[in-house]
Number of protein chains: 2
Amino acid sequence: MEETQCQDPIAELIVTYKELNGSTIEELYEEPSPLEFMRYVAKNTPFVVRGAASNWKATKTWSAKYLEEYLRGETVNVAVTPVGNADAPTPQGPDGSLVFAKPWEEDQQFGEFLNYVVQQEQGDSQKQQNTEVRYAQTQNDNLRHEYASLFNHVQQDIPFARIALQRDPEAINMWIGNSRSVTALHKDNYENIYVQIAGRKHFALLPPLCHPCVNEQRLKPAHYERSSSSSSGTEEEIVPPLRLELENDGETVPFAIWDPDRPAENATEYSHLAEPMRVTLEPGDMLYLPCMWYHKVSQSCSPEGICVAVNYWYDMEFGGPLYPLSNFVRSVSKMNKT
Amino acid sequence: MEETQCQDPIAELIVTYKELNGSTIEELYEEPSPLEFMRYVAKNTPFVVRGAASNWKATKTWSAKYLEEYLRGETVNVAVTPVGNADAPTPQGPDGSLVFAKPWEEDQQFGEFLNYVVQQEQGDSQKQQNTEVRYAQTQNDNLRHEYASLFNHVQQDIPFARIALQRDPEAINMWIGNSRSVTALHKDNYENIYVQIAGRKHFALLPPLCHPCVNEQRLKPAHYERSSSSSSGTEEEIVPPLRLELENDGETVPFAIWDPDRPAENATEYSHLAEPMRVTLEPGDMLYLPCMWYHKVSQSCSPEGICVAVNYWYDMEFGGPLYPLSNFVRSVSKMNKT
Ligand SMILES: O=C(O)CCC(=O)C(=O)O
Ligand SMILES: O=C(O)CCC(=O)C(=O)O
């Protein structure tokens, strides 16, 4: 292996990684064995298993109608935002500076929530533009709590991952929304097995060492609030609007502000080197999203107007070189900036 | 996990790694399964299996006498140096600047070679100080070539490694020497399974990210030559002496000049942060030495006066983040120096 002669270690890092790894995702057609999976974990490299969950009861039965009947009378926590921007960098105030916008969370009757999601997706686009966006995305192990009655429609865990990683899932989450919700580019300290049930998800993925490309900034925290004051409105607008409240004494949140789908905006000098790995999950597909990979996730709905997924988070391994080396890339790229 | 607040990313990297990993080697008492092995590969973390090769024919039979009889009449390649410094940074010339000293290589009758090794080890220490050092250490798959007649006394490969890594060994090497030979701190792009047969080996190990501690310098290449001119001598000194020849138009060799056993010499500002993992292999012990780990190796002899080991080199995986990130640490620490 020849040494790349290159002035800038950060550019060299990103380019060498791309040369050695490419940016096309590996596609499998059956689940890996624990050993095969461990080889991907060792390489910190994603793969998708097409159709791995095609025969799960969830994939076969979770239509909008089925879910509505199954959860009738139950209350669920819903993330509400004006434009589908839960946990996303969002312009605020007169100067439009970016803050980290957390959603307004409220409990809703499941049927009411689901009808809203479906009707928004199927309604005329003008109306769609102007109405708030609702996404069930609590990420607190909700499939074993809020949605526990549905839990036996999916696998209790992912055997190849449990055996390889020697641990049970830390959280199993349900995600229900429509095409208005987008999850902004971010990373998690988990090994993630993500399973599409209905509709499609579109992932843009970048390895941890692309930190210098994503333009991490410390953003002021903010959250949406429903302004209960303006509860009177026309029939068209009975829902009180959302206001973005700055949390003035909250700690700033380090967050990527570069968006792989608007590469010219908020770019760093390294963003143009990033070549996101893109993959669309169809119902029944299973994605291995390795720990610390950046991911941006958008969605398309089933003909019925919903998008449903479940995912399994396994605690990552902090031993070994990956975690400290990823932090090192971050520290070096921060030093460069200051 | 809290972020360490630290000014210097390199120091932070080394300290964080130590905090998360410690510097004690894991000891197993039976060979791992391929999956268990793959977990160590994924963590790029060494382990030793005590007694894994106790029942190999080699471990049971390879005494000095046995080897001498078995290989009688065969010729082997021997690395010859004045003080056991094959492939080692060595002071040269009037200013004592370090060069990369390669051994003089010559073919010797196996019996003659082995007797020399044994007698040097068992002779009085005064004589030991003044005589050249011989080490059979060709590292060119010699156990399947030069020493092929002995190959079926060891395993043909290491099944857990072959299955996990999905490849056959690239090289299987035999090492025969005495306590005068020391292998200087260096790293290899191989996954290494190292098996002690007779005598003991003492390893000092450092992970790839300790590059900033080892003081890598570009050294001029040099090699020892036997000066055939002075072939006349007293009976005490029938062997012509060795001269160190500079290879003036050879390419410089990037090499660690810090020695974990003389930590105050040739230190960088980070050397004091390195805490070498130390392990001694007894006959029958097996070490997993992960790719790109720095290792310094010294040896003690069996009562008979020899030290014998074999090792299996498997090509490493260049995909994934470890290889580019290790190079990144190197580039950043080089930038810091210039
Ligand atoms: O499905 C989404 O909207 C986001 C998924 C995600 O970020 C995750 O699984 O970590
Ligand atoms: O045994 C020795 O002297 C050195 C071993 C070594 O460097 C290796 O196995 O890579």
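Check the entry above for the structure.
Overview of the structure. In this text the structure is predicted, and so the values were computed from the model without any measurement.

### Let's talk about the overall build of chain A
Next up, step 1: When helices and strands are tallied, chain A shows 8 helices and 18 strands.
Next up, step 2: Relative to the globule expectation of 20 Å for 338 residues, the C-alpha radius of gyration of chain A, 21 Å, shows essentially globular dimensions.
Next up, step 3: The burial tally for chain A puts 54% of its 338 residues in the buried class.
Next up, step 4: Just so you have it, chain A exposes about 14,800 Å², and 47% of that area is on carbon and sulfur atoms.
Next up, step 5: Charge centroids of chain A, computed over 28 positive and 48 negative side chains, lie 1 Å from each other.

### A short note on the nonpolar core
Next up, step 1: In this structure, W62 and I193 of chain A together with W62 and I193 of chain B are the most contacted members of the largest nonpolar core, which totals 104 residues.
Next up, step 2: Leave out the neighbours within four places in its chain, and W62 of chain B touches K57, L67, L143, L150, H153, V154, M174, I197, A198, I306, V308 and V310 of chain B.
Next up, step 3: The next biggest cluster of nonpolar side chains, apart from the first, holds 82 residues, and it includes W175, A256, L281 and V329 of chain A.

### A few points about the site of ligand 1
Residues and elements named next belong to chain A.
Next up, step 1: As a matter of local geometry, ligand 1 sits amid Y135, W175, T183, H186, D188, N192, Y194, K201, H295, V297, N311 and W313.
Next up, step 2: Here an oxygen atom of ligand 1 and a side-chain polar atom of H295 are 3.0 Å apart.
Next up, step 3: When the free accessible area of ligand 1 is taken as 290 Å², the share hidden by the protein chains comes to 99%.
Next up, step 4: Elements represented by at least two residues in the shell around ligand 1 include exactly β9 (182-186), β10 (190-198), β17 (294-300) and β18 (307-315).

### Let's talk about the sheet that holds β18 of chain A
Residue and element names in this part refer to chain A.
Next up, step 1: As summarised here, the arrangement of the 6 strands in space is β1-β2-β16-β10-β18-β8, forming an open sheet in which the pairing is mixed. Each edge of the open sheet is held by one strand with a lone partner, namely β1 (26-28) and β8 (171-177). The mean angle between the axes of side-by-side strands here comes to 20°, regardless of whether they run parallel or antiparallel.
Next up, step 2: Here β8 runs beside β18; their pairing, made up of 7 bridges, is antiparallel.

### Some details on the site of ligand 2
Residue and element names in this part refer to chain B.
Next up, step 1: Near ligand 2 the following residues occur: Y135, W175, T183, H186, D188, N192, Y194, K201, H295, V297, N311 and W313.
Next up, step 2: Within the contact set of ligand 2, an oxygen atom lies 2.5 Å away from a side-chain nitrogen or oxygen of Y194.
Next up, step 3: In this structure, an oxygen atom belonging to ligand 2 sits 3.0 Å away from a side-chain N or O atom of H295.
Next up, step 4: Taken by itself ligand 2 offers 300 Å² of open surface, and the protein chains cover 99% of this.
Next up, step 5: Within the residue set of the shell around ligand 2, elements represented by two or more residues are β9 (182-186), β10 (190-198), β17 (294-300) and β18 (307-315).

### Observations concerning the relation of the copies chain B and chain A
Next up, step 1: You can overlay chain B on chain A at an RMSD of 0.0 Å; the transform is a turn of 180° with a shift of 0.0 Å along its axis. Such a combination of turn and shift is consistent with a two-fold rotation axis. Measuring from the rotation axis to each C-alpha of chain B, the shortest distance belongs to A42 of chain B, at 1.9 Å.
Next up, step 2: Looking at chain B, 100% of its interface residues are interface residues in chain A too, so the copies touch through the same face.

### Quick word on the interface of chain B and chain A
Next up, step 1: Each side of the interface is counted separately: chain B has 38 residues, and chain A has 39 residues.
Next up, step 2: Note on chain B versus chain A: buried area summed over both sides is about 3,500 Å², and carbon and sulfur give 74% of it.
Next up, step 3: Across the chain B-chain A interface, the total number found is 1 salt bridge.
Next up, step 4: Across the salt bridge formed by K43 of chain A and E317 of chain B, the nearest N and O atoms sit 4.0 Å from each other.
Next up, step 5: At the junction of chain B and chain A, the tally comes to 10 residue pairs in polar contact (both at pLDDT 80 or more).
Next up, step 6: Listing elements by their share of the side of chain B that touches chain A, those giving two or more residues are α1 (9-21), α2 (34-43), α7 (159-165) and α8 (322-337) of chain B.
Next up, step 7: Per element, the largest residue contribution to the side of chain B that touches chain A is 11 residues, and it comes from α8 of chain B.

### Looking at the packing of aromatic side chains
Residues and elements named next belong to chain A.
Next up, step 1: Within this structure, the stated rule accounts for 31 aromatic pairs over all chains.
Next up, step 2: Ring plane angle 15° and centroid distance 4.6 Å describe the contact between Y190 and W313, whose orientation is recorded as stacked. Of this pair, Y190 sits in strand β10 while W313 sits in strand β18, and the two are 123 residues apart along the sequence.
Next up, step 3: Put simply, the rings of F37, Y40, F47, F160 and Y288 pair up and form one aromatic cluster.
Next up, step 4: The ring of Y116 carries R134 above its face, with NZ or CZ at 3.7 Å from the centroid.

### Let's talk about the sheet that holds strand β8 (residues 171-177) of chain B
All names here are of chain B.
Next up, step 1: Strand order across the open sheet formed by 6 strands is β1-β2-β16-β10-β18-β8, with mixed pairing between neighbours. Each end of this open sheet is capped by a strand with a single partner; those strands are β1 (26-28) and β8. For this sheet, the mean angle separating the axes of adjacent strands, direction not counted, is 20°.
Next up, step 2: Strands in contact with α2 are β1, β2 (47-49), β10 and β16 (286-289); relative to β16, the strand with the most contacts, it is inclined by about 45°.

### Quick word on the packing of helix α8 (residues 322-337) of chain A against α8 of chain B
Next up, step 1: At a minimum axis distance of 11 Å, the contact between α8 of chain A and α8 of chain B shows a crossing angle of 45°. Classed by the angle they form, the pair α8 of chain A and α8 of chain B counts as oblique. Relative to α8 of chain B, α8 of chain A is oriented so that their crossing is left-handed. Where α8 of chain A approaches α8 of chain B, its residues L322, L325, F328, V329 and V332 of chain A are matched on the opposing element by L322, L325, F328, V329 and V332 of chain B.
Next up, step 2: Of the residues that constitute the contact of α8 of chain A with α8 of chain B, the class distribution is 10 nonpolar, no polar and no charged.

### Description of unusual backbone geometry
Next up, step 1: A positive phi angle, close to 55°, is found at N215 of chain A, a residue other than glycine.
Next up, step 2: Looking at the secondary structure, you find N215 of chain A in the loop between β11 (200-206) and β12 (216-226).
Next up, step 3: Positioned with a positive phi, M292 of chain B is a non-glycine residue whose angle comes to about 70°.
Next up, step 4: Checked against the element boundaries, M292 of chain B lands in the loop between β16 and β17.

### A short note on the side chain of S300 of chain B
All names here are of chain B.
Next up, step 1: With respect to the helices and strands, the residue S300 is situated in strand β17.
Next up, step 2: What makes S300 buried here is its relative accessible area of 17%.
Next up, step 3: Only 2.4 Å separates the side chain of S300 from the side chain of H202, close enough to count as a polar contact.
Next up, step 4: Each residue touching S300, except ones within four places of it in the same chain, is listed here: S179, G199, R200, H202 and C307.

About the cut-offs
- Residues numbered from 1 in each chain as written.
- Chains lettered and ligands numbered in written order.
- Predicted model: local features only at pLDDT ≥ 70, side-chain atom pairs only at ≥ 80, totals over all residues.
- Heavy atoms only, no water.
- Helix = DSSP H or I, 4+ residues; strand = E, 2+ residues; numbered from the N terminus.
- Rg over C-alpha atoms; globule rule 2.2 N^0.38 Å.
- Buried < 20%, exposed > 50% of the residue type's maximum accessible area, 1.4 Å probe, protein only.
- Areas by Shrake-Rupley, 256 points an atom, 1.4 Å probe, with all protein chains shown as cover.
- Lys, Arg positive; Asp, Glu negative; His and termini not counted.
- Charge placed at Lys NZ, Arg CZ, Asp CG, Glu CD.
- Core = buried A, V, L, I, M, F, W, Y, C linked by side-chain atoms within 4.5 Å.
- Contact = heavy atoms within 4.5 Å.
- Near = heavy atom within 4 Å.
- Polar contact = N/O pair within 3.5 Å; in protein donor to acceptor, adjacent residues only side chain to side chain.
- Pairing = 2+ DSSP bridges.
- Axes fitted to C-alpha atoms, helices over the stretch in contact; angles between N-to-C directions.
- Least-squares fit on C-alpha atoms with pLDDT ≥ 70 in both.
- Buried area = accessible area lost by both parts, 1.4 Å probe.
- Salt bridge = Lys/Arg side-chain N within 4 Å of Asp/Glu carboxyl O.
- Phe/Tyr/Trp six-rings, centres within 6.5 Å; stacked < 30°, edge-to-face > 60°.
- Lys NZ or Arg CZ within 6 Å of the ring centre and 35° of its normal.
- Parallel < 35°, antiparallel > 145°, perpendicular 65-115°, else oblique.
- Left-handed = near helix turned anticlockwise from the far one by under 90°.
- Nonpolar A, V, L, I, M, F, W, Y, C, P; charged D, E, K, R; others polar.

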